[in-house]
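What follows is each chain in one-letter form.
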Amino acid sequence: MQERITLFVTGLSSLLNQLEMNEDLFSFGPTSRLIANRLTSLEQSRDRQKSAANKCSLILVDRSLDFVAATTQGCQTLADKILGLLPHLPQHSIDVAVDMTLLTDTVDRQVLTPGSLAQRYSDHKGKMLLNSLITMKPKEALMEVSRALLDALKAEKILAQQKPGRMASAQVKTFIELFKGHPEAMCSQLGVLQLACAALEALDHNGNHHRDKMFATEKVLVNSVGGNSPSPIKLLTEMISREQTDSDENLDMKMNIADVICLAIHLYCLFGKGCSSGISEDMRFQGALEDLALREHVQLMRQLGLEGSVTFDTVRKWAVEIMTRLRSLAMMRHEMKQFKSLHKTGATGAVYHPIMIQLLEAMFSPHRPDLTDLQYHAEGLTSRLKATFSLFMSSALPRPASNDCIIIFVVGGITSAEVRQIRETVAKHNANDKQVLIGSTSLLTPLDSVLNFCNRHL
């Protein structure tokens, strides 16, 4: 972990040097605090603070403070669906392999090099369409894909005139197939075509049924909070038991152990200690986890951090470690004063309020509340004294929204749905005069979040 943090800090410092940024540095969470302290101690950072002309606020945010958005099975953007369902491009951690056989007459899906989401630097239309997949709602993004294909067909003089219809997915397929037999047009419009094929493949993917089932299960568990209902973790344990004894259910629709851990991360992060009624329910859930692990494929268990062969002892040791991490996750915001809760309990259950959105709303609030859980990292003796005695000198400390450029960097990954939420929140608070840049270590899917959690990846 220390080596990964050192490499990350060095890379982040180099990026700030390239941008010639003189940053007011803030951290939100323990890992971000460690990174921020390392960053301010670099001689390269001190030199940059003296010479860089572009002032900005850099906010480092811990993913572990809010895993809820990263583990939900609901797809709020088309990019979430694409990244979550399509296989990874070989040797890539973020990009996916896109089936391009719609552009050919072949039926052998193994003969072609797959497409990807990557765009050429000069492909402005492709980059704009990729941005739409990340920041728009799925139906709106699909209409953008249809419009982009229609514009490409007109530009290549393959189709003279046609208005996008309501059945966007069917029309997207028709538009893609019109490029058959036009290799020069394919090369010219490759960026748009790859994204269109990716969107269509994700919408028709067999995994949608399983993901819809998992999202329905997630909603039942979240809405169980309040009233006389059993705790969420007790309900989840009962669901696992029923599903294992139900021989009639389709095997592909059953929860595997990664699905169960994903739901557990979601619940423990959202409700904290309120996820279970006590140690006895935690132990019963651990037992269910052990039973699942003993039946699971060895390859998946390896990916989830199991060391050695799959035996009762190794599985017990692994399950104890997973439960320890879940309990730690439940306590991540325990010391916070301002952003301790991620939900409000309403008439129909818990309503999720993302911690990133809570932070942005406080930052842009006209009432300018003190951001007590956000730590400012000062450079130089005078600034360090101000930061140390901030209780008495709060008015002298910089605020994140005081600079025209704000960089929000989520350490541990971000989802495209969160990118859309951040953009909407900035617009809602009339902060469009600010340049808000969003960065992260990766674009997350629910499975990525589970693997990172089980293997303690940054």
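Parameters at a glance
Residues numbered from 1 in each chain as written. Predicted model: local features only at pLDDT ≥ 70, side-chain atom pairs only at ≥ 80, totals over all residues. Heavy atoms only, no water. Helix = DSSP H or I, 4+ residues; strand = E, 2+ residues; numbered from the N terminus. Contact = heavy atoms within 4.5 Å. Buried < 20%, exposed > 50% of the residue type's maximum accessible area, 1.4 Å probe, protein only. Pairing = 2+ DSSP bridges.

Novice: Explain the environment of Cys75 here, please?
Specialist: By the element assignment, Cys75 lies in the loop between α4 (68-71) and α5 (78-85). Through-space distance from the C-alpha of Cys75 to that of Ala417 is 7.8 Å; in sequence the pair is 342 residues apart. Sequence-distant contacts of Cys75, defined by excluding residues within four places in its chain, comprise Asp80, Lys81, Pro138 and Arg211.

Novice: What is the right way to read the pairing of strand β1 (residues 21-28) from this model?
Specialist: Strand residues, when the strand is regular, have side chains that alternate between the two faces of the sheet. Within β1, 8 of the 8 residues are buried, which leaves the element mostly enclosed by the surrounding structure. Neither face of β1 is exposed, since Met21, Glu23, Leu25 and Ser27 on one face and Asn22, Asp24, Phe26 and Phe28 on the opposite face are all buried. In terms of strand pairing, β1 meets strand β2 (residues 54-62) through 8 bridges, oriented parallel. Residue pairing for β2: Glu23 is matched across the bridge by Cys56. Across 3 bridges, β1 lies against strand β5 (residues 375-377) in antiparallel orientation. Bridging from a neighbouring strand, Leu25 pairs with His377 of β5.

Novice: Honestly, the pairing of strand β6 (residues 405-411) in this entry has me stumped. Any pointers?
Specialist: In terms of burial, β6 is largely enclosed, as 7 of its 7 residues are buried. Burial of the side chains of β6 extends over both faces: Cys405, Ile407, Phe409 and Val411 are buried on one face and Ile406, Ile408 and Val410 on the other. With 6 bridges joining them, β2 and β6 adopt parallel strand pairing. Residue pairing for β6: Ile59 is matched across the bridge by Ile408. Here β6 runs beside strand β7 (residues 435-440); their pairing, made up of 6 bridges, is parallel. Within β7, the position partnered with Ile406 by the bridge is Val436.

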